[in-house]
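Structural overview
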Amino acid sequence: MTFPGENNTIPFPSGRADGDTLGGRIWRARDALGLSLADLASRLGLPEETVSGWERDHAEPDTKAMFMLAGVLSVSPSWLIAGIGEAPADPTGDEHLHPLLRQLREIHQLHDQTGKAITALEAEIAKLIKSDHG
């Protein structure tokens, strides 16, 4: 038995939503374009710390920034926000790399980000110590 309107479904893009976080999708899209965090922040006209916070899922861009981000990263807003739609391709040449080499490159990038975070934390601690003893 069929009911009137039974075949009227909302057209969603085919495929499942990817299970990554917003920050993970921002990082993947940036990586697919070969952009550094500083490059992306510069293109958006925002501080690197702001974009880094988004990638680490410590904050989320507002609506205007989300659409700017999707444009700069050449991805659809729906993929960026919810993982629905087509994900960016791997960076050029990466598809031929052994998975371990890709993983090593990702770890190097995380290492660089960690180094920057440590430097920023050390600076904040130095300020606190100086203000306590100053």
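Residues numbered from 1 in each chain as written. Predicted model: local features only at pLDDT ≥ 70, side-chain atom pairs only at ≥ 80, totals over all residues. Heavy atoms only, no water.

**Let's talk about helix 3 (residues 48-55)**
Considered for burial, the residues of helix 3 that qualify are Val51, Ser52, Gly53, Trp54 and Glu55. Against the buried residues of helix 3 lie helix 1 (22-33), helix 2 (37-44), helix 4 (63-73) and helix 6 (99-133). Positioned one or two residues after helix 3, Asp57 has a phi angle of 60°, which is positive. (Buried < 20%, exposed > 50% of the residue type's maximum accessible area, 1.4 Å probe, protein only. Helix = DSSP H or I, 4+ residues; strand = E, 2+ residues; numbered from the N terminus. Contact = heavy atoms within 4.5 Å.)

**Focus: the confidence of the model for the protein**
Per-residue pLDDT for the protein has a mean of 80; in total, 79% of the residues score no lower than 70. Every residue in residues 5-15 is under pLDDT 50, and counting partners more than four places away or in other chains gives three contacts. (pLDDT = per-residue confidence, 0-100.)

**Section: the pattern of salt bridges**
Counted by the stated rule, this structure contains four salt bridges. Salt-bridge contacts for Arg30 lead to Glu55; the nearest nitrogen and oxygen are separated by 2.5 Å. Separated by 25 residues along the polypeptide, Arg30 in helix 1 and Glu55 in helix 3 bring together distant segments of the chain. Both residues of the pair, Arg30 and Glu55, belong to the buried class. Between Glu124 and Lys127 there is a salt bridge, with the nearest N and O atoms lying 3.4 Å from each other. Here the residue Glu124 and the residue Lys127 both occupy positions in helix 6, the gap between them amounting to three residues, near one helical turn. Looking at Lys127, the relative accessible area reads 53%, which means it is exposed. (Salt bridge = Lys/Arg side-chain N within 4 Å of Asp/Glu carboxyl O.)

**Things to note about a nonpolar patch on the surface**
A cluster of nonpolar side chains, namely Leu121, Ile125 and Ile129, defines an oily patch on the protein surface of about 280 Å² accessible area. Looking at the secondary structure, you find Leu121 in helix 6. Taking relative accessible area as the criterion, Leu121 reaches 52% and is therefore assigned exposed. (Patch = residues over 30% accessible without salt bridge, like charges linked within 9 Å, V, L, I, M, F, W, Y side chains within 5 Å. Areas by Shrake-Rupley, 256 points an atom, 1.4 Å probe, with all protein chains shown as cover.)

**As for the nonpolar core**
Within the largest apolar cluster, 18 residues are counted, with the highest numbers of intra-cluster contacts made by Ile26, Leu40, Leu69, Leu73 and Leu80. Taken together, the elements giving at least two residues each to this core come down to helix 1, helix 2, helix 3, helix 4 and helix 5 (77-82). With five residues, helix 4 is the single largest residue contributor to this core. (Core = buried A, V, L, I, M, F, W, Y, C linked by side-chain atoms within 4.5 Å.)

**Describing the packing of helix 1 against helix 6**
Closest axis-to-axis distance for the helix 1/helix 6 pair is 13 Å, and the angle between their directions is 110°. With respect to their mutual orientation, helix 1 and helix 6 come out roughly perpendicular. In this structure, helix 1 meets helix 6 at a crossing whose hand is right-handed. Across the interface between the two elements, Trp27, Arg30 and Asp31 of helix 1 pack against Arg105, Glu106, Gln109 and Gln113 of helix 6. Residues of the contact of helix 1 with helix 6, tallied by class, amount to one nonpolar, two polar and four charged. (Axes fitted to C-alpha atoms, helices over the stretch in contact; angles between N-to-C directions. Parallel < 35°, antiparallel > 145°, perpendicular 65-115°, else oblique. Left-handed = near helix turned anticlockwise from the far one by under 90°. Nonpolar A, V, L, I, M, F, W, Y, C, P; charged D, E, K, R; others polar.)

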